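# Summary of the model geometry
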Amino acid sequence: MPLLGVNIDHVATVRQARRTIEPDPVHAAVLAEMGGADGITVHLREDRRHIQDRDVRLLRQMIRVKLNLEMAVSQEIVDFALDVLPDMATLVPEKREEVTTEGGLDVAGQQGRVQECVHQLQQSGIACSLFIDPNVRQVAASADIGVEAVELHTGAYADATTSAAANAEFDRIVEASQFAVSRGLILNMGHGLTYRNVRKIAAIDGVNELNIGHSIISHAVMVGLERAVREMKALLT
C-alpha cells in the first residue's frame, strides 16, 4: 500500500486570494495528519504565490509526519531549506507564468546544476527527490546524481482524454518505474491524481508514495479535510 503525501498548497492559495490569515495551511496539515496522511507536501515558490516562509517554519515545528518541501533549483530556496531542514526536498521545475507545475525537471539537461543543489541539501541530512517526467533517460540522470528518490510526473496520464492516450502514458510510467526501482531509487508519483484515476497508479509495483493535493483539497471543501484524506487513503489499498 503506497503512502499518501497530502499537498496543502491550495489551502494557502485561498488565503492569499484575500491576503488574510485564513484558511491556515498549518491547521490543514494537522487535520490531514489526523485523517491519516503519511506526509505533508508544500511548494515554496520563488514568487511566494501561496505557501509562505512562515508556513514552512511552523509546519516543521507542528507536524509529526514527513515534511516534503518542493522547491526550485534556486540558491535562495536552498538556503531556506538548509535553515528549516525538511525531511525531504523535492526539486521541481518552476516558471512564474505557470498555474501549476507543467512537467518534470530536465535533470539530464542540467545535471551539474541539479547535482550541486542536491549535494548542499544532502550534506545537511535532507533526503532529496527529483520530480521528473516518466522517461528512462531522466531516471538514469537522477540515479547518477545520487538522489534517494524520484517522483514521476503523472500529469500526462491524468490529463489524457482518450483510453488509448491514457494507456500509452500509463505504459511510460510503468517502464520508468521499473527502471527506477532497478537503479535502487525510492519511487514516488504525483500530479493530477484524483479519486477517479488513482487506483491504477497506486497498483504499480514498487510505488512508495503518492503526492496528491488539488483533488483532496477540492473534495475537502465539501466533506472536510479529515474525511477527504481518509477516503483517498482507502483507494490506495
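The structure under discussion appears in the preceding block.
Worth saying up front: this structure is predicted, and the values here are computed from it rather than measured.

Moving on, we get to the packing of helix α4 (residues 75-84) against helix α5 (residues 111-123). Viewed as axis vectors pointing N to C, α4 and α5 meet at an angle of 15 degrees, and their least axial separation amounts to 10 Å. When the interaxial angle is binned, α4 and α5 end up roughly parallel. Judged by the sense of rotation from one axis to the other, the crossing of α4 with α5 is right-handed. Across the interface between the two elements, Gln-75, Val-78, Ala-81 and Leu-82 from α4 touch Cys-117, Gln-120 and Leu-121 from α5. Taken together, the residues of the contact of α4 with α5 break down into five nonpolar, two polar and no charged.

As a further point, take the nonpolar core. Counting 71 residues, the largest nonpolar core has Ile-40, Met-71, Leu-91, Leu-121, Leu-130 and Leu-210 as the members making the most contacts within it. Contact partners of Leu-91, with chain neighbours within four places excluded, come to Met-71, Ala-72, Val-73, Leu-105, Val-114, Cys-117, Val-118, Leu-121, Ser-129, Leu-130 and Phe-131.

The next point concerns the sheet that holds strand β8 (residues 207-212). Read around the closed barrel, eight strands run β1-β2-β3-β4-β5-β6-β7-β8, paired in parallel fashion. Strand-to-strand, the axes of this sheet are offset by a mean angle of 25 degrees, without reference to chain direction. Inspection of the sheet shows strand β2 (residues 39-43) paired to strand β3 (residues 66-71) by five bridges, in the parallel sense. The residue of β3 that forms the bridge with His-43 is Glu-70.

Right, let's talk about unusual backbone geometry for a bit. Note the cis peptide between Glu-22 and Pro-23, where omega equals -5 degrees. Following the sequence through the fold, Pro-23 ends up in the loop between α1 (9-18) and α2 (25-34). Backbone geometry at Arg-48 places phi at a positive 55 degrees, although glycine is not the residue there. With respect to the secondary-structure elements, Arg-48 resides in the loop between β2 and α3 (53-62). The backbone of His-191 shows a phi angle near 105 degrees, a positive value even though the residue is not glycine. On the basis of relative accessibility, which here comes to 22%, the residue His-191 falls in the partly exposed class.

Its location among the elements puts Val-84 in helix α4. Sequence separation between Val-84 and Leu-69 is 15 residues, and the spatial gap between their C-alpha atoms is 9.9 Å. Filtering out sequence-adjacent residues up to four positions away, Val-84 remains in contact with Val-56, Arg-57 and Arg-60.

All right, on to α2 then. Along an α-helix, a turn takes 3.6 residues, which lines up residues three or four apart on a common side. All of the buried residues in α2 are Pro-25, Val-26, Ala-28, Ala-29 and Ala-32. Each buried residue of α2 lies within a common arc of 155 degrees when the element is viewed along its axis, so the set occupies one face. Facing away from the buried surface of α2 by more than 90 degrees, the exposed residues are His-27 and Met-34. If you follow the buried residues of α2, they end up packed against β1 (3-7), α1, β2, α3 and α11 (225-235). Among the residues of α2, the N-terminal cap falls to Asp-24, whose side-chain oxygen and the backbone nitrogen of Val-26 are separated by 2.9 Å. Residue Gly-36 follows α2 closely and has a positive phi angle near 110 degrees.

What the rule picks out here adds up to 14 salt bridges. For Arg-54, the salt bridge is made with Asp-24, and the minimal N-O distance between the two is 3.0 Å. Of this pair, Arg-54 sits in helix α3 while Asp-24 sits in the loop between α1 and α2; the two residues are 30 residues apart in sequence, bridging distant segments of the chain. With a relative accessible area of 23%, Asp-24 lands in the partly exposed category. Linked by salt bridges that have partners in common, Arg-15, Asp-24, Arg-54 and Asp-55 make up one network.

What counts and what doesn't
- Residues numbered from 1 in each chain as written.
- Predicted model: local features only at pLDDT ≥ 70, side-chain atom pairs only at ≥ 80, totals over all residues.
- Heavy atoms only, no water.
- Axes fitted to C-alpha atoms, helices over the stretch in contact; angles between N-to-C directions.
- Helix = DSSP H or I, 4+ residues; strand = E, 2+ residues; numbered from the N terminus.
- Parallel < 35°, antiparallel > 145°, perpendicular 65-115°, else oblique.
- Left-handed = near helix turned anticlockwise from the far one by under 90°.
- Contact = heavy atoms within 4.5 Å.
- Nonpolar A, V, L, I, M, F, W, Y, C, P; charged D, E, K, R; others polar.
- Core = buried A, V, L, I, M, F, W, Y, C linked by side-chain atoms within 4.5 Å.
- Buried < 20%, exposed > 50% of the residue type's maximum accessible area, 1.4 Å probe, protein only.
- Pairing = 2+ DSSP bridges.
- Arc of directions from axis to C-beta.
- Polar contact = N/O pair within 3.5 Å; in protein donor to acceptor, adjacent residues only side chain to side chain.
- Salt bridge = Lys/Arg side-chain N within 4 Å of Asp/Glu carboxyl O.

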